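# Reading the structure
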Amino acid sequence: MIRYALACDNGHSFDSWFANSSAFDKQAKRGLVTCPVCNSAKVEKAIMAPRLHRTDVEPPRPIVAPPPPAAPVTPAAPAASPKSPVAIMSPQERELRTKLKELRDHVTKNANYVGPRFPEEARKIHYGETEHRSIYGEASAEEAKALHDEGIEFHPLPVLPDDQN
Ligand SMILES: [Zn+2]
């Protein structure tokens, strides 16, 4: 069976089934194919508009998300180099600094360097276990606090920048 879209000479369009394509031709020639509306026998196969995809209509474009705005380029922070305290000193301060350096030099020249044994030696002096003398050395923050808590008087040696090398 084949289905034809037909149209009569009055413009009526209708569908009809035939055994095959030649069956339509035979029946049409014999006037057996008639319009169901006006009964006209002048029936032809309708020009079938091929259902082709129209090419003049652009398919919807895929929506492309715009690229995200470029993140502002933050300049890489320069590697933090350790900073040293610095100062511009007035003449009076330079004089004080000189005195501090003199004090330090005096202490280190005349005192007995005990190094990391400073807390121990300081206690000996404080508690009279050894002669009272000037010593200098190193103490950690915890040790210094302990000495301070025990009432042992001591002083941090002034550290001058140009002594630190
Ligand atoms: Zn008709």
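Attention in this report is confined to the structure presented alongside it. Bear in mind the structure is a predicted one, so any value in this text is a computation, not a measurement.

## Observations concerning the side chain of Glu 121
Of note, Glu 121 is situated in helix 3 (residues 118–126). Residue contacts for Glu 121: discarding those within four places in its chain leaves Val 114, Arg 133 and Ile 135.

## Structural notes on the coordination of the zinc ion
Of the protein atoms, only Cys 8 (SG), His 12 (ND1), Cys 35 (SG) and Cys 38 (SG) coordinate the zinc ion, at distances of 2.0 to 2.3 Å. Angles of 103 to 117 degrees at the metal separate the four donor atoms of the zinc ion, which places the site in the tetrahedral class. We classify Cys 38 as partly exposed; its relative accessible area is 29%.

## A word on the environment of Cys 35
Following the sequence through the fold, Cys 35 ends up in the loop between helix 1 (21–29) and strand 3 (43–45). Residue Cys 35 is classed as buried on the basis of its relative accessible area of 1%. The spacing of Cys 35 and His 12 is 23 residues in sequence and 7.2 Å in space, taken between C-alpha atoms. Those residues in contact with Cys 35, other than ones at most four positions away along the chain, are Cys 8, His 12, Phe 14, Ser 40 and Val 43.

Conventions adopted
Residues numbered from 1 in each chain as written. Predicted model: local features only at pLDDT ≥ 70, side-chain atom pairs only at ≥ 80, totals over all residues. Heavy atoms only, no water. Helix = DSSP H or I, 4+ residues; strand = E, 2+ residues; numbered from the N terminus. Contact = heavy atoms within 4.5 Å. Donors = N, O, S within 2.8 Å, 3.2 Å for Na, K, Ca; no water. Tetrahedral: all angles 85-135°; square planar, octahedral: opposite > 155°, others 65-115°. Buried < 20%, exposed > 50% of the residue type's maximum accessible area, 1.4 Å probe, protein only.

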